[in-house]
Amino acid sequence: DDKIGYTEGDQITYGATVGYKTLFVYYFEHHMNKSISARSLKDKIAMHLDCGSFSYAEIPKRFDVIMGLTGTLQHLSEPERKTMDEKYGLK
């Protein structure tokens, strides 16, 4: 089919990529096995830039004061409560 596919559940998807591994598979299949056309390879050559990823768990650490906590905190388990206390200073 001139595409690299990955299984997702019980289907094969051709839109998924696995970092740069997918690009290198395109190169390999084009040069070694001749199963990928030059056109298909050219369409996949790209540099992927990761812009703006961050951990939502780190956001509270950027503020001096945390206000308006949800009422569900009273239902936390002891390990969860310990994490909230040690990592975020919430008691």
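Here we summarise the structure given alongside this text. (Residues numbered from 1 in each chain as written. Predicted model: local features only at pLDDT ≥ 70, side-chain atom pairs only at ≥ 80, totals over all residues. Heavy atoms only, no water.)

On to the overall build of the protein, then. Tallying secondary structure elements over the protein gives 3 helices and 2 strands in all. When the helices and strands of the protein are listed from N to C terminus, the series reads β-β-α-α-α. Over its C-alpha trace the protein gives a radius of gyration of 23 Å, far above what one expects of a compact globule, namely 12 Å for 91 residues. In terms of overall dimensions, the protein has a C-alpha envelope of 60 × 30 × 20 Å along the principal axes. When each of the 91 residues of the protein is scored for burial, the buried share is 13%. Put simply, 26% of the contacts in the protein that link residues at least 6 apart link residues at least 24 apart. When the accessible surface of the protein is split by element, carbon and sulfur atoms take 55% of a total near 7900 Å². Charge-centre separation for the protein: the mean point of 12 positive side chains lies 5 Å from the mean point of 13 negative side chains. (Helix = DSSP H or I, 4+ residues; strand = E, 2+ residues; numbered from the N terminus. Rg over C-alpha atoms; globule rule 2.2 N^0.38 Å. Buried < 20%, exposed > 50% of the residue type's maximum accessible area, 1.4 Å probe, protein only. Contact = heavy atoms within 4.5 Å. Areas by Shrake-Rupley, 256 points an atom, 1.4 Å probe, with all protein chains shown as cover. Lys, Arg positive; Asp, Glu negative; His and termini not counted. Charge placed at Lys NZ, Arg CZ, Asp CG, Glu CD.)

Another point: the pattern of salt bridges. Per the stated rule, a full pass over the model turns up 3 salt bridges. Two residues, Asp-43 and Arg-39, come together in a salt bridge whose shortest N-O distance is 3.8 Å. Pair noted here: Asp-43 and Arg-39 are both in helix α2 (residues 38–44), with a separation of 4 residues, about one helical turn. Residues Lys-61 and Glu-58 are paired through a salt bridge, measuring 3.5 Å at the closest nitrogen-oxygen approach. When its relative accessible area of 41% is taken as the criterion, Lys-61 is described as partly exposed. (Salt bridge = Lys/Arg side-chain N within 4 Å of Asp/Glu carboxyl O.)

With that settled, consider the packing of aromatic side chains. Throughout the structure, instances matching the rule amount to 1 aromatic pair. Lying over the aromatic face of Tyr-14, Lys-3 brings its terminal NZ or CZ to 5.6 Å of the ring centre. (Phe/Tyr/Trp six-rings, centres within 6.5 Å; stacked < 30°, edge-to-face > 60°. Lys NZ or Arg CZ within 6 Å of the ring centre and 35° of its normal.)

All quantities given are derived from atomic positions and should not be read as evidence of function.
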